[in-house]
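# Results of the structural survey
The chain contents come next:
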Number of protein chains: 2
Amino acid sequence: MAYILQVDFELDGPFGQEMAEEFSDLAKSINEEEGFIWKIWTEDSEAKEAGGIYLFQSKESAQNYLTMHTERLKQFGIEPVNGKIFEVNETLTQINNGPIK
Amino acid sequence: MAYILQVDFELDGPFGQEMAEEFSDLAKSINEEEGFIWKIWTEDSEAKEAGGIYLFQSKESAQNYLTMHTERLKQFGIEPVNGKIFEVNETLTQINNGPIK
């Protein structure tokens with residue numbers, strides 16, 4: 001059973017390639033988190049928002065990551081953080097080619 | 001360039017296999033939407049919420065879908081709908097194996 005974690009928050013920047021350079025080490029570290037499968041990094045430079053869509057192997061690992069990540073963002077001066085964890089409906093997701101492996 | 005659409009809303013049900021049976025025709029129709037790449041169907045039967053994570057080929061196609069889908073959900077008696085569209089940061093997403101094809 002796979003779980004989606006969706007996270008978003010207000011961000012003044014950086015965006016785009018500058019964001020990629022600043023956060024590449026953080027991205028590499030995320031690959032080591034317990035239960036982590038993948039992350040899509042999201043950004044909106046006009047609305048000044050950013051976040052991520054994550055796939056985790058369990059609800060517990062998603063919740064543990066969200067708790068840690070919310071605290072980390074707070075140390076960067078970023079709060080509040082909108083975070084929601086959902087179970088994946090696998091039958092419907094397969095119809096729509098959703099990547100849940 | 002790929003765009004993420006994240007959608008969530010309050011839902012009394014159905015969830016799980018019952019949801020899958022009720023919405024399989026809707027899921028098939030979504031495969032025909034302009035610019036659509038994939039959808040992951042999300043649900044939380046305890047919090048009574050559901051939604052989806054979509055990948056679209058353009059911001060315009062994601063926005064057009066969100067406008068149509070929000071109206072459709074309203075006809076089902078579901079509102080408000082939380083919908084956000086984000087650009088994908090491809091460099092960081094590749095580090096974390098994010099499925100953006």
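Residues numbered from 1 in each chain as written. Chains lettered and ligands numbered in written order. Predicted model: local features only at pLDDT ≥ 70, side-chain atom pairs only at ≥ 80, totals over all residues. Heavy atoms only, no water.

As annotated in an unreviewed UniProt entry, chain A carries the name Putative mono-oxygenase ydhR and comes from Lentibacillus persicus.

## Side note on the overall build of chain A
The cut-off we apply is this: Helix numbering and strand numbering both begin at the N terminus, where a helix is a DSSP run of H or I of at least 4 residues and a strand a DSSP run of E of at least 2. Three exposure classes are used, based on accessible area relative to the maximum for each residue type with a 1.4 Å probe and protein chains only: buried under 20%, partly exposed in between, and exposed over 50%. Here a residue-residue contact requires only that any non-hydrogen atoms of the pair lie within 4.5 Å. Surface exposure here means Shrake-Rupley accessible area, sampled with a 1.4 Å probe, where a residue is shielded only by the protein chains that are shown. Only four residue types enter the charge count, namely Lys and Arg as positive and Asp and Glu as negative; His and the chain termini do not. The location of each charge is read from NZ of Lys, CZ of Arg, CG of Asp or CD of Glu.
From N to C terminus, chain A includes three helices and four strands. Walking chain A from its N terminus toward its C terminus, one meets helices and strands in the order β-α-β-β-α-β-α. Across its three principal axes, chain A shows a C-alpha extent of roughly 40 × 25 × 25 Å. Out of the 101 residues in chain A, the part that is buried amounts to 53%. For chain A, restricting intrachain contacts to residue pairs at least 6 apart in sequence, the fraction spanning at least 24 positions comes to 67%. Counting every atom, chain A has about 5,000 Å² of accessible surface; 44% of that belongs to carbon and sulfur. Placing the 8 positive and 19 negative side-chain charges of chain A at their respective mean positions leaves the two points 4 Å apart.

## Looking at the relation of the copies chain B and chain A
Selection criterion: Copies overlap after least-squares fitting; the atoms used are the C-alpha atoms of residues with pLDDT of at least 70 in both.
Superposing chain B onto chain A takes a rotation of 180° plus a shift of 0.0 Å along the axis, which leaves an RMSD of 0.0 Å. These values place the two chain copies in the arrangement generated by a two-fold rotation axis. For chain B, the minimum C-alpha distance to the rotation axis belongs to B:P99 and amounts to 3.3 Å. Mapped onto chain A, 100% of the interface residues of chain B again fall at the interface, so both copies present the same surface.

## With respect to unusual backbone geometry
It is generally the case that most residues other than glycine have a negative phi and that most peptide bonds are trans. A cis amide bond links A:E79 to the next residue, A:P80, at an omega of 0°. Here A:P80 is to be found in the loop between α2 (59–75) and β4 (82–88). Looking along the chain, the bond that leaves B:G13 and enters B:P14 is cis, with omega of 5°. Examined against the element boundaries, B:P14 turns out to sit in the loop between β1 (3–10) and α1 (16–30). Here the phi dihedral of A:N97 falls at roughly 60°; this positive angle occurs in a residue that is not glycine. Position of A:N97 relative to the elements: it lies in the segment after α3 (90–95). At B:K48, a residue that is not glycine, the phi angle is positive and equals roughly 55°. Residue B:K48 is classed as partly exposed on the basis of its relative accessible area of 39%.

## Details of the layout of surface pockets
To keep things clear, this is the line we draw: A pocket, in this scheme, is an open set of points on a 1 Å grid over the protein atoms alone with protein on both sides within 12 Å along at least 5 of 7 lines, while a cavity is a set where a 1.4 Å probe fits but cannot get out; residues line either one if an atom lies within 4 Å of a point. Grid points are joined across faces, edges and corners, and a volume is the space filled by probe spheres set on the points. Just so you know the grouping, Ala, Val, Leu, Ile, Met, Phe, Trp, Tyr, Cys and Pro go in nonpolar, Asp, Glu, Lys and Arg go in charged, and all remaining residues, Gly too, go in polar.
For the largest pocket, the calculated volume is near 230 Å³. Looking at the largest pocket, it is lined by 20 residues, and the ones nearest its centre are A:F9, A:F23, A:W41, A:L73 and A:I78. Every element with two or more residues in the lining of the largest pocket is listed here: β1 (3–10), α1 (16–30), β2 (36–44), β3 (49–56) and α2 of chain A. Here the lining of the largest pocket is composed, by residue class, of 13 nonpolar, five polar and two charged. Within this model, the second largest pocket holds a volume of roughly 160 Å³. Taken together, A:Q6, A:D8, A:N82, A:G83, A:K84, B:Q6, B:D8, B:N82, B:G83 and B:K84 form the lining of the second largest pocket. When residues of the lining of the second largest pocket are traced back to their parent elements, those giving at least two are β1 and β4 of chain A together with β1 and β4 (82–88) of chain B. Taken together, the residues of the lining of the second largest pocket break down into no nonpolar, six polar and four charged.

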